[in-house]
Amino acid sequence: MPPILNAQNISKRFGATPLFQGIFFAVHEGDRIGLIGPNGAGKSTLLAMLAGEQEPDTGEVAFRKRARVGYVHQISEYPSGITVRSTIEEAMANAAVPDNEREQRLRETLGRAGFADHADSTGESMDAEAGSLSGGWRKRLAIAEALVLKPDVLLLDEPTNHLDLEGIEWLEGLLEAASFAFIVVAHDRYFLENVATEVVELNRIYSDGLMRLKGSYSKFLEGREAWLESEQRAQEGLRNRVRTEIEWLRRGAKARTGKSRARTDEAGRLIRELSEMEQRAVKGVAQIDFTATDRRTKRLLSAEAISKELGGRTLFRDLSFTLTPGTRLGLLGLNGTGKTTLLRILAGELQPDAGSVEFAANLRVVYFDQAREHLDPTQTLREGLGAHGDFVIFRDRPIHVAGWAKRFLFDSGNLDRPIASLSGGEQARVLIARLMLQPADLLLLDEPTNDLDIPTLEVLEESLTEFAGALVLVTHDRYLLDRVSTAVLGLDGQGGAQLYADYWQWEAAQSARPVPAQKAAPPPTRSAPLKKKLSYLEAREWEQMEARILEAEQAVEEIRAEMQSPEVVSDGPRLHSCYQRLQAAEKGVELLYARWAELEAKQV
């Protein structure tokens, strides 16, 4: 059977700069492709071409006869006045779905996306205004809008942006059960590992413009590493050959014979080939390095029994914790459970309804805002990067703005571009660049990973793990959260909050919870999967489990010993606090043992 989509030798440039050139890309039945690449490589442009919404400068994209293509854009916006229901009805009308099929297909599609006849605690109403939905529910609607067409291939551009963890798991389940082919642009590494059976990296380092490998994301990493090693050996061999030919050319041929002319031509070809290989090998990675102050204070911030209501609902109640240098606290919970609200309280932008937040004297707080409201779209890139004149001040020394821009992968020729014209990933890098100029005791980061490419995420992870101050992080990137956080605080949005050792412990606790009575179990769409061996990520988790259990048990013993000390026994409030910590620690150990048993059972 011919491919559903077939891109032949396509190229695209903006101005004098080629985005990509000479790309060949086919999509067949059953393909489950993860598309990755650095910011600016052209992933969104390539997806738009495969959807037929953009034309290549050269080459062509051919579609199989009567092929249906669904396309979910990176940004999902809806005009005012239209509802969830009318959005799907319009999509079906445009696709000429028969009238007698529309109502059933609408209910089936919106039901799978989590929408209900009436809004409840588990989902939004089908009659809700589309433009008033949260970012996560607008993304669900956009996916439903594409699914209602019953596509042969679904193209998704950064679909995990704005989805909470429940939404990401919903999308993973949908794609794992999909009968259609799909291409998904994503930077969420756990998501890629779970849904893709083939990974394509669009990158100028490859002579063909891209690398395409069968297998999971972890298998792709292994294959790419092998290719890089092979390329490095080939480049070194070519460099040695060029060195030999250059020495021969310098000596000069004694006779201009046909043989010597052929060798001269071959030397020129080898020099050009080496130059092209070296140019492709140059990789730009943002240099992220948050600066901590030299503060030696042990306690930076203390929250004592704080509570907050919003819209008549208690987000959290009697919440207490302390942040010290080296604390890296992750906040977990569904959209609307109060993560951003809690960050704003810690930043001093909001006041709790009850309780208090005590800040260390002259505490320096740096806040990365999810909405990026601290960026003025009318400013130029130069102003957005924090330049005063031609210089920025980083760690008490001036750096020319052109050099500072280059550190974050911006061309100095674009310093007068308005921020509004930058991509989402570029705007995130601008905000990080400006925040880096501010020495901090406490970093508050609200979804800093949205739109960032994987190489930049890896640099961000390194910077955060090395940051000497305290960090509170909200992110739906499970890989980054797992790597960076030393503890996570789970919010249920109904007043409850619980401390966990890590993301996996929180996830195990969520799976152990009973399904709410009002949420009916979805109808079975496929037979139960057979048991299978551990995935790459599960194997890594299982290998670390024994050490994590030992560490958790040691923490329990330390709390017990603390409770038996005379100064704690005689201090009622402190003894009560120790008892609460002991209960949480013991529950953590139980969850770890349960997870260990679950992983071992999968290997049977």
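Residues numbered from 1 in each chain as written. Predicted model: local features only at pLDDT ≥ 70, side-chain atom pairs only at ≥ 80, totals over all residues. Heavy atoms only, no water.

Hey, could you go over helix 9 (residues 339–346) for me, with residue numbers and the actual values?
By the criterion of burial, helix 9 is predominantly enclosed, with 6 of the 8 residues buried. Within the span of helix 9, buried status applies to K339, T341, L342, L343, I345 and L346. The first or second residue beyond helix 9 is G348, which carries a positive phi of 85°. (Buried < 20%, exposed > 50% of the residue type's maximum accessible area, 1.4 Å probe, protein only. Helix = DSSP H or I, 4+ residues; strand = E, 2+ residues; numbered from the N terminus.)

Lay out the environment of M545 with the relevant residues and their values.
Within the secondary structure, M545 is located in helix 16 (residues 536–564). Look at M545 and you get buried, because its relative accessible area is 0%. Sequence-wise, M545 and L599 are 54 residues apart; in three dimensions their C-alpha atoms are separated by 9.6 Å. Each residue touching M545, except ones within four places of it in the same chain, is listed here: L592, R595, W596 and L599. (Contact = heavy atoms within 4.5 Å.)

Give a description of helix 13 (residues 454–466) that names residues and reports values.
Compared with an ideal rise of 1.5 Å per residue, which puts 13 residues at 18 Å, helix 13 spans 19 Å between its outermost C-alpha atoms and is within 8% of the ideal. Here helix 13 has its buried residues at I454, T456, L457, V459, L460, E461, S463 and L464. (Expected span 1.5 Å × (residues − 1).)

Please provide a residue-by-residue account of the confidence of the model for the chain, values included.
Here the chain averages 82 in pLDDT, while 84% of its residues score no lower than 70. Across residues 514–532 the pLDDT falls below 50, and counting only partners more than four positions away or on other chains, this stretch makes 8 contacts in the model. (pLDDT = per-residue confidence, 0-100.)

Give a detailed account of the packing of helix 4 (residues 135–147) against helix 5 (residues 165–176), specifying residues and quantitative values.
Taken N-terminus to C-terminus, the directions of helix 4 and helix 5 make an angle of 15°; their axes are 12 Å apart at the nearest point. On the basis of the axis angle, helix 4 is roughly parallel to helix 5. As for how helix 4 packs across helix 5, the hand of that crossing is left-handed. Residue-level inspection shows R140, I143 and L147 of helix 4 in contact with helix 5, the latter providing E166, G167, W170, L171 and L174. (Axes fitted to C-alpha atoms, helices over the stretch in contact; angles between N-to-C directions. Parallel < 35°, antiparallel > 145°, perpendicular 65-115°, else oblique. Left-handed = near helix turned anticlockwise from the far one by under 90°.)

Report on the nonpolar core, specifying residues and quantitative values.
In this structure, F290, L385, W404 and L443 are the most contacted members of the largest nonpolar core, which totals 51 residues. With 7 residues, the single largest contributor to this core is helix 12 (residues 424–436). In this structure W404 touches L385, V392, F394, I399, A433, M436 and L437, once residues within four positions along its chain are discounted. Residues F115, A144, A146 and F220 belong to the second largest nonpolar core, which totals 48 residues. (Core = buried A, V, L, I, M, F, W, Y, C linked by side-chain atoms within 4.5 Å.)

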